[in-house]
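# Summary of the model geometry
Given next are the chains, with one letter for each unit.
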Amino acid sequence: MVARWVELEDGLHRAIEIEPGASLAVRVDPEPGATVRAGLAVRGDGGAAAPGRADFRLRLAPASDARGVVLAEASVETGGRGDGSVDAEVPASWQGPGWLVLSSAWTPGPEGSTGAAPRLWWIEPRVEWAVAGAAPSGEGVRPWNVVLVTSDTTRQDDLGCYGGPAATPNLSALAAEGAAFARAYTVACVTTPSHASLLTASHASDHRVYDNSSVLPEERVTIAEALHDRGWATAGLVSGLPLIRALGFSQGFDFFDDALALRTADQPARRLLRERPGDETVDLFLDWLRTRPARPFFAWIHLFDAHQPYAPPAAFLPPGGDPSDDPDLARLFSWPDGSPRRIRPGEVARLPEATRARADAIARARYRGELAFVDAQVGRLVEALRRDGLWDRTIFVFAADHGENFGDRGALAWAHAGLFHDVTHIPLVVRVPGTRAPGARVQALVGNMDVAPTVLDALGVAVPAAWKGRSLLPAIETPSSFEARPSLVIEAPREKEVSVRTPDWMYREMAPGADGDGDDDGDDGEGAAPWRKRFGYLPGESEQLFDLSVDPLERTNVVASRPDDAQRMKGTADAFLASRPSTARAAALGGGAHREALKALGYAD
């Protein structure tokens, strides 16, 4: 064996395994300025390779010259789990076609050292370059750029731009130039379904992405595909496992980066969780921005930082967020080596009341520090767009996929389950060049599936017929005259739960027989918590109604005392459920490795 394709143990990426000292040549025809990328890894048969050093080399060789030019070289120390990456640019003088030559070598460590013989991997080597194409044109088309930032696990009421305690000056400045939607909700909870709804302007029962293993079907038209087909350059950069290429989220993108664990390993705990820090993702976008095609672009930048574990960079840790003075709490938030730790709801529920209250205050402070870090990344993006003279012709959207419960939700603590406002109420800030009502605070009830139609409407591009969302551009331009929808349906189809919201009421129900597929008495393995209780239902309850005019935090179920209102709201839910095109889930990404990776993030039992 000189080289062979292998699937990595994470089940998410493929690699070329190459014998030390061997070379592999691949026929390529890249344009000058193209980027050559690959992840690097060294493994032993038992996981860790023997001590030593692995050397990797990328070479581009014309057919007439076997020597060619060295594009990049990198070394990885062995003796543990060695990882690295290479990025190289094809020289301007390149005239193809030719050969991309991958070679590697291994130098053993001191004599007498032990360990498994190494295996050297080139992880997803690829060549990327701008795809030539005509710029957007046509009557009424505005050739503006679009930057869509989605922030994972971001509650609206914690953000400073909405009056919350987290420091978000950049989002506040963005809202001052655009419109902030006060009643914005996700229509499909958890990361993968919610982003599928945002990108395809549809409900989960339309795209059938029900959980974080469902693959977005190819027949669903994404906003990236709609704009790519009209001449926009497209780039997608994601920071978390639930949005990787294998789950269908690269559809429509010229450039898509989901190499979550293949960059510099300065934050190993985040790598283990398959999470990339937001500043790295923004760095990658700024690199792409410098080499993008000379035409308008659509860029989706996903930030995962606000998700558990609550571990903001030290510079963003606010007062009250350091548990080090209490050994028990320190052990709750960190592993013995100091790396951040994801905390399960069952662990929180078992804490003594006073300890639980303090732990929740610490968690909330740390979470707000993460939001401040996200805000800083938004600031970097806006600054770069201004610096490059792009801001005056760029639509900028900031949204979230879902929020987060904290200690006041009992069994739901420190997680994002249950269709309460804590989880479904999201930020949505939209800035369109030349907005006639800057700084508007729109009170209309809207969903994240309205984002894509809004962007296309602002650009003068026809909205795909299959999309269910509606354009919010009229609300941005003339908020006082915008005709709001009377209600919004929200789904959590994996849990067989549905909710209906109006400005005055929130109704939710869990379908009869919803029992967690038999997993009725465990909270991620963390103690007894019946399935319905895990989503905020009391024993015997299958439906809840909240009067938002007197109970905005959704604490008191008034189904029994307001039967007519409950029946009216239930009628809306029933009509929606009856109209669903299918109840079948989309194909799932198979493999135990993917499930184990999701489990590390808290998404699988």
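Above this note sits the structure.
Here the structure is a predicted model, which means the values were calculated and not measured.

### Points about the packing of aromatic side chains
Throughout the structure, instances matching the rule amount to 14 aromatic pairs. Ring-pair connections join several aromatic residues into one group, and the members of that group are F249, F253, F256, F298 and W300. Lying over the aromatic face of W335, R341 brings its terminal NZ or CZ to 4.9 Å of the ring centre. A cation sits over an aromatic face here: R508 above F420, 4.1 Å from the ring centre.

### Quick notes on the sheet that holds strand 8 (residues 98-108)
If you trace the four strands from one edge of the open sheet to the other, you get 3-8-5-6, paired in antiparallel fashion. Sheet topology places strand 3 (23-28) and strand 6 (69-78) at the edges, where each strand pairs with a single neighbour. Strand-to-strand twist of the sheet, defined as the mean angle between neighbouring strand axes without regard to direction, takes the value 15°. The sheet contact formed by strand 5 (residues 52-62) and strand 8 spans eleven bridges and is antiparallel. Each bridged residue has a counterpart across the sheet, and for A61 the counterpart in strand 8 is W99.

### As for the sheet that holds strand 16 (residues 428-431)
One open sheet holds the eight strands; their spatial order is 13-12-14-10-15-16-11-17, and the pairing between them is mixed. The outermost strands of the open sheet, each flanked by one partner alone, are strand 13 (255-257) and strand 17 (440-447). Ignoring which end each strand starts from, the neighbouring axes of this sheet average 15° apart. Relative to strand 14 (residues 297-303), strand 12 (residues 233-237) runs parallel, the two being bridged by five bridges. Across the sheet, residue L237 finds its bridge partner in strand 14, namely I301. Each of strand 10 (145-151), strand 14 and strand 15 (394-400) is contacted by helix 9 (residues 353-387), which is oriented at about 170° to strand 15, the strand it contacts most. The strands touched by helix 11 (residues 451-459) within the sheet are strand 10, strand 15, strand 16 and strand 17, with strand 15 carrying the most contacts at an inclination of about 175°.

### Brief notes about the side chain of H207
Mapped onto the fold, H207 is located in helix 3 (residues 204-207). One polar contact links H207 to S197, side chain to side chain, over a distance of 2.9 Å. There is a polar contact of 3.0 Å between the side chain of H207 and the backbone nitrogen of V209. Dropping the residues within four chain positions of it, H207 is found in contact with P193, A196, S197, T200, S202, L216, P217, R220 and A586.

### Some words on unusual backbone geometry
Between Q308 and P309 the backbone carries a cis peptide bond, its omega angle lying at 0°. Residue position: P309 is located in the loop between strand 14 and helix 7 (327-333). Notably, T153 is not glycine yet its phi reads approximately 55°, a positive angle. Tracing the sequence through the fold places T153 in the loop between strand 10 and helix 1 (169-177). Positive phi outside glycine occurs at R208, with the angle close to 65°. Summarising the element assignment, R208 is placed in the loop between helix 3 and helix 4 (223-228).

Rules used throughout
Residues numbered from 1 in each chain as written. Predicted model: local features only at pLDDT ≥ 70, side-chain atom pairs only at ≥ 80, totals over all residues. Heavy atoms only, no water. Phe/Tyr/Trp six-rings, centres within 6.5 Å; stacked < 30°, edge-to-face > 60°. Lys NZ or Arg CZ within 6 Å of the ring centre and 35° of its normal. Pairing = 2+ DSSP bridges. Helix = DSSP H or I, 4+ residues; strand = E, 2+ residues; numbered from the N terminus. Axes fitted to C-alpha atoms, helices over the stretch in contact; angles between N-to-C directions. Contact = heavy atoms within 4.5 Å. Polar contact = N/O pair within 3.5 Å; in protein donor to acceptor, adjacent residues only side chain to side chain.

Such coordinate-based values are descriptive only and should not be taken to indicate function.
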